[in-house]
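Survey of secondary and tertiary structure
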Amino acid sequence: MKAVRGKYFFGGVHPHDKKALSSASPLEVMPEPEVAVISTSQSLGKPAVPVVETGREVKVGELIAKADGPISSDVFSSISGTVEDIRDGIGANGAPEKFIFIRNNGKTDKAYLPPLSSPSADEIKARIRDAGIVGLGGAGFPTAVKVSPRSPVDTLVLNGAECEPYLTCDHRLMLEKTDEIVRGARYIAAALGVTNIIIGIEANKPDCIAQFESYDDIKVVILKKKYPMGGEKQLVYVTTGRKIGLPPKLPADSGVVVENVATAYAVCEAVELGKPLYERVLTVSGGAVAAPKNIWVKVGTKLEDIVNYCGGESMPPKKVVQGGPMTGLALADLGAYTHKTTSGILLMTPEEAAAEEPTPCLNCGKCADVCPMHLMPMNTEFYSSAGDYEAAAKYGNTMACIECGACEYNCPAKRPLIQAIRKTKAEMRKIMMGGQKK
Amino acid sequence: MIDNTVVISTPPHVKSKRTTRGIMGDVCIALAPAAIAGIVFFGYMAFVIELVSVLGCVATEFVYYFIAKGGFAKKCKNAKLTCINWWKQFDLTSVVTGLILALILPVTVKWYEVLIGSIFAIAIVKMFFGGTGKNLVNPASAARVFMFISFSLTTYVAANFGPILEGETLTGATNLADYLLQNTHASALSSLDLFLGTGVNGSIGETCKLAILLGYIYLCARKVIKWWQPLLFLAVFGFTAVLLSGFYFESYRFDISLFLPHILSGGAMFAAVFMFTDYVTSPKGIYGQLVYYIGGALLLAVMRYFTKIEVVSFIILIMNILVPLIDKYCIRKPFGYVKEKKQKEGK
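Computed from a predicted model, the values in this text were never measured in an experiment.

**A look at the overall build of chain B**
In terms of regular secondary structure, chain B is built from 16 helices and 0 strands. Counting only residues that meet the buried cut, chain B has 54% of its 347 residues in that class. Taking the intrachain contacts of chain B between residues at least 6 apart in sequence as the baseline, contacts between residues at least 24 apart amount to 73%. Accessible surface for chain B amounts to roughly 16300 Å². Of this, 69% is attributable to carbon and sulfur atoms.

**With respect to the sheet that holds strand E2 (residues 28-29) of chain A**
Residues and elements named next belong to chain A. Sheet architecture is open: 6 strands sit in the order E2-E15-E14-E18-E16-E17, paired in mixed fashion. This sheet does not close on itself; its edge strands, each paired only once, are E2 and strand E17 (329-331). Strand contacts of helix H3 (residues 169-176): strand E14 (279-285) and strand E15 (293-298), with the helix running at about 125 degrees to E14, the strand carrying the most contacts.

**Some words on the confidence of the model for chain B**
Low pLDDT means the predicted atomic positions in that stretch should not be read closely. Residues and elements named next belong to chain B. In this model, chain B carries an average pLDDT of 82, and 84% of its residues clear a pLDDT of 70 or more. A low-confidence stretch, residues 162-175 stays under pLDDT 50, and its non-local contacts, those more than four residues away or across chains, total 27 contacts. Across residues 181-187, where pLDDT falls below 50, the model places 9 contacts with residues more than four positions away in sequence or in other chains.

**Considerations on the pattern of salt bridges**
Residue and element names in this part refer to chain A. The final tally for this structure, using the stated rule, is 29 salt bridges over all chains. Of the charged contacts, one joins Glu 62 and Arg 56 as a salt bridge, the two residues approaching to 3.0 Å between their closest N and O atoms. Lys 423 is the salt-bridge partner of Glu 427, the closest N and O atoms lying 3.0 Å from each other. Of this pair, Glu 427 and Lys 423 are both found in helix H13 (residues 417-437), 4 residues apart, which corresponds to roughly one turn of the helix. What you see here is one network of salt bridges that share partners, running through Glu 269, Lys 275, Glu 279 and Lys 298.

**Considering the environment of Glu 310 of chain B**
All names here are of chain B. Within the secondary structure, Glu 310 sits in the loop between helix H15 (286-306) and helix H16 (312-329). Using a relative accessible area of 7% as the deciding quantity, one classes Glu 310 as buried. In this structure the C-alpha to C-alpha distance between Glu 310 and Ser 265, which are 45 residues apart in sequence, comes to 9.7 Å.

**Quick notes on the state of the cysteines**
For the structure shown, the criterion picks out 0 disulfides over all chains. Not part of a disulfide, Cys 163 of chain A finds its nearest cysteine sulfur in Cys 404 of chain A, a span of 8.8 Å.

**A look at the sheet that holds strand E6 (residues 63-66) of chain A**
Residues and elements named next belong to chain A. One open sheet accounts for 3 strands, arranged E4-E6-E7; its pairing is antiparallel. Edge strands, defined here as strands with exactly one partner in the open sheet, are strand E4 (49-50) and strand E7 (75-76). Examined bridge by bridge, E4 and E6 share 2 bridges and lie antiparallel to one another. Bridge pairing in E6 places Pro 50 opposite Ala 65.

**Side note on the domain arrangement of chain A**
Residues and elements named next belong to chain A. Segmentation of chain A into domains returns domain 1 (4-23 + 114-272) and domain 2 (366-437). Domain 1 and domain 2 are separated by 28 Å when their C-alpha centres are compared. Taken residue by residue, the interface counts 14 residues in domain 1 and 14 residues in domain 2. Considering only the side of domain 1, the residues that lose the most area to domain 2 are Phe 10, Val 13 and Gln 234, jointly responsible for 43% of the buried surface there.

**Details of the packing of helix H1 (residues 20-42) of chain B against helix H2 (residues 44-67) of chain B**
All names here are of chain B. Between H1 and H2, whose axes approach to 6 Å, the crossing angle comes to 140 degrees. Between H1 and H2, the interaxial angle falls into the category oblique. For the pair H1 and H2, contact is made by Ala 35, Gly 38, Ile 39 and Phe 42 and by Tyr 44, Met 45, Ala 46, Phe 47 and Glu 50, respectively.

**Re the interface of chain A and chain B**
Contacts between chain A and chain B engage 66 residues on the former and 39 residues on the latter. A per-residue breakdown of the area chain A buries against chain B is headed by Leu 362, Asn 363 and Met 376 of chain A, which together make up 14% of the total. Taking the shortest distance from any N to any O, the salt bridge between Lys 15 of chain B and Glu 408 of chain A comes out at 3.1 Å. Where chain A meets chain B, there are 18 residue pairs in polar contact (both at pLDDT 80 or more).

**Structural notes on the nonpolar core**
Among the nonpolar cores identified, the biggest contains 84 residues, and Leu 31, Phe 270, Phe 274 and Phe 276 of chain B are the most heavily contacted of them. No other element matches the 10 residues that H1 of chain B contributes to this core. Within the second largest apolar cluster, 49 residues are counted, among which are Val 134, Leu 156, Leu 175 and Ile 222 of chain A.

**What to know about the packing of helix H11 (residues 209-221) of chain B against helix H14 (residues 268-275) of chain B**
All names here are of chain B. The N-to-C vectors of H11 and H14 enclose an angle of 20 degrees; their axes lie 10 Å apart at closest approach. By the angle between their axes, H11 is roughly parallel relative to H14. In the crossing of H11 with H14, the sense of the turn from one axis to the other is left-handed. Across the interface between the two elements, Lys 209, Ile 212, Leu 213, Gly 215, Tyr 216 and Leu 219 of H11 pack against Met 269, Phe 270, Val 273 and Phe 274 of H14. Looking at side-chain class alone, the contact of H11 with H14 contains 8 nonpolar, 1 polar and 1 charged residues.

**Quick look at the pairing of E14 of chain A**
Residues and elements named next belong to chain A. Within E14, 7 of the 7 residues are buried, leaving the element largely enclosed by the surrounding structure. Of the two faces of E14, the one holding Glu 279, Val 281, Thr 283 and Ser 285 and the one holding Arg 280, Leu 282 and Val 284 are both buried throughout. Here E14 runs beside E15; their pairing, made up of 6 bridges, is antiparallel. For Arg 280, the partnering residue across the bridge sits in E15 and is Val 297.

**Considering the side chain of Thr 10 of chain B**
The topology assignment puts Thr 10 of chain B in the segment before H1. The residues contacting Thr 10 of chain B, other than those within four sequence positions of it, are Ile 418, Gln 419 and Arg 422 of chain A.

**Describing unusual backbone geometry**
Cis geometry is adopted by the peptide bond preceding Pro 228 of chain A, which originates at Tyr 227 of chain A and carries an omega value of 0 degrees. Inspection of the secondary structure assignment puts Pro 228 of chain A in the loop between strand E12 (218-223) and helix H6 (232-240). Going from Pro 11 of chain B to Pro 12 of chain B, the amide bond is cis rather than trans, its omega being 0 degrees. Relative to the elements of secondary structure, Pro 12 of chain B occurs in the segment before H1. If you check the backbone angles, Lys 414 of chain A has positive phi at about 55 degrees while not being a glycine.

Thresholds applied
Residues numbered from 1 in each chain as written. Chains lettered and ligands numbered in written order. Predicted model: local features only at pLDDT ≥ 70, side-chain atom pairs only at ≥ 80, totals over all residues. Heavy atoms only, no water. Helix = DSSP H or I, 4+ residues; strand = E, 2+ residues; numbered from the N terminus. Buried < 20%, exposed > 50% of the residue type's maximum accessible area, 1.4 Å probe, protein only. Contact = heavy atoms within 4.5 Å. Areas by Shrake-Rupley, 256 points an atom, 1.4 Å probe, with all protein chains shown as cover. Pairing = 2+ DSSP bridges. Axes fitted to C-alpha atoms, helices over the stretch in contact; angles between N-to-C directions. pLDDT = per-residue confidence, 0-100. Salt bridge = Lys/Arg side-chain N within 4 Å of Asp/Glu carboxyl O. Disulfide = S-S within 2.5 Å. Domains from an automatic or database assignment. Buried area = accessible area lost by both parts, 1.4 Å probe. Parallel < 35°, antiparallel > 145°, perpendicular 65-115°, else oblique. Polar contact = N/O pair within 3.5 Å; in protein donor to acceptor, adjacent residues only side chain to side chain. Core = buried A, V, L, I, M, F, W, Y, C linked by side-chain atoms within 4.5 Å. Left-handed = near helix turned anticlockwise from the far one by under 90°. Nonpolar A, V, L, I, M, F, W, Y, C, P; charged D, E, K, R; others polar.

Dropping the structure here:
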């Protein structure tokens, strides 16, 4: 359908997108790693429980860890090889995780699920769960939970905004796998029982917009280039005009389900090929990478190998980031392994990485001016630095924060606002838990 | 490969190029036309006052940095290092304070009075409360009020709005009320004179409205201030003042032609662009800002109706003190907020 312009939302920032570094490089498949180290914590919620033992031969796509409870996802082997070890370790974010070590035996035996032809809604839902599909935008919410919403839904919104600077993996995927994404979206829509499919694409990707316009059942919405346009609440408001309530409300309570384009692609492959989710596209970019690329990477590949595949470092980086620069995780080194949710690896030069010392807050309110959630981050920072987390949450409305980072980006004093917000949220959760026990 | 210089922090990992020093530099540039216009209109004394004020403010901050926190003797021992550290954290806010203070003073003020005022502004109003970003009230307007009550009162009354009249300048008779009754006044000024500042008595930087307008355009273009804030203030103030000044006439008359003289006279325009918009002492949310600007404008219009001296500095102080209260009660509702329905009791 002919593309239409999206609504305006208040706030947001315009960081330099730096997408030109990697947007022209087509998708490449990276060779399989020698050893795949697969974490059992691949989604929000509980980690999966390993179902293989040391010494067991596994094929590509074979189940190695079973989901524990509804908010959890199955984990599959990304290579064919032998399980060498299962041991506890520390994940990239510092939390304890369980890792399964698989040594590659060079075979290409696949253990896919049976392909489905003209599946019913329940079959698709079961397949999404069995293929271990999670939201590939970054949060990693199990898609199986999303396609069984608790409230009636009438619209599926595909997130093709990719508003994070540097990242171009969704852009390349939309460009090269348009048809698969559309088919995947139709499967998700069928599972939900809706016919209204909307895709939101930022205006800096006109080639993708043109490609999606040729499908009659897909409504294309052009989004103004602005961060955080791809935030769930912002995207739903801009594309449908509906507001999502504050937590614990979900998009489904407003009749909308939001899925990333990469998730739609994974659903298409899971349904048509029976392929479980064990690899994904990610962007390797930043000024300190010799050859920025968009590559298919198996889950459990060491970040160092990925960077070496992209020509290695051109200079020592100031910051190593897993994910996008606005919400991603800063790493100490490249010793970590990829997850299902790893959308990018950025090696940033000192010029790119803002690592200045904070100066005193001016009360200028520039953080509140750009907050897409209409919050008051300066109040949160002010009160939490004094240790009064309840006041911080009250006057800053901190619990509604989506942690997009727009406030801190815009702060002329370079205050660590997101850090204060996360601290306040954690402390408030403790206080709430304590309150319930009484 | 990766050495220890890798930085770990919470996101975001990219930040805007804006810094506090850059913003204050922009304000200095915006103040330059008014400062130059003051020198053109009032001669070299205006320049001396500006210089004394800025140097006084910066020097006070520097001395305070030496004395406060961390031991005076220790800092004197490492004097060079202390100077470097001071320069690193120096963010031009004291330059802005000094410039604004000079521009809201009349040219007849003594240079040592300016020096005392600038020391008061930085040491007592700003640094005692915690330095940049922590002062409760605008240092420049507080210092002006301090000087107004401490030193030669006539000097400040003379820096009133209205035409320069021989022998009358020191009495305070040339106030707006007389000016507005143009029929009884021989040397009434046109709005153009008020706009350009020709033949108008007043403070150094407040007379030439053209220069202030240039500063306003620059600040808006650089997005240092929000364009609607001074406009809202001046519109509300002008309209209320027109309503009130109807009482000057024998029978009440609503005369919209008084709108321009009202907003162009005195320090209202300078204050609207440079002083009400001060980040530190203005509210942070949009609702708070609406309350702040409209409240300030109404207060100014009412106070001007009753008094014959320029009261903008007092109004700024009053509104500044109200800011914590405004901030507390004007909190925005988050995006997607739905008002909770009150549960009916008894059912």
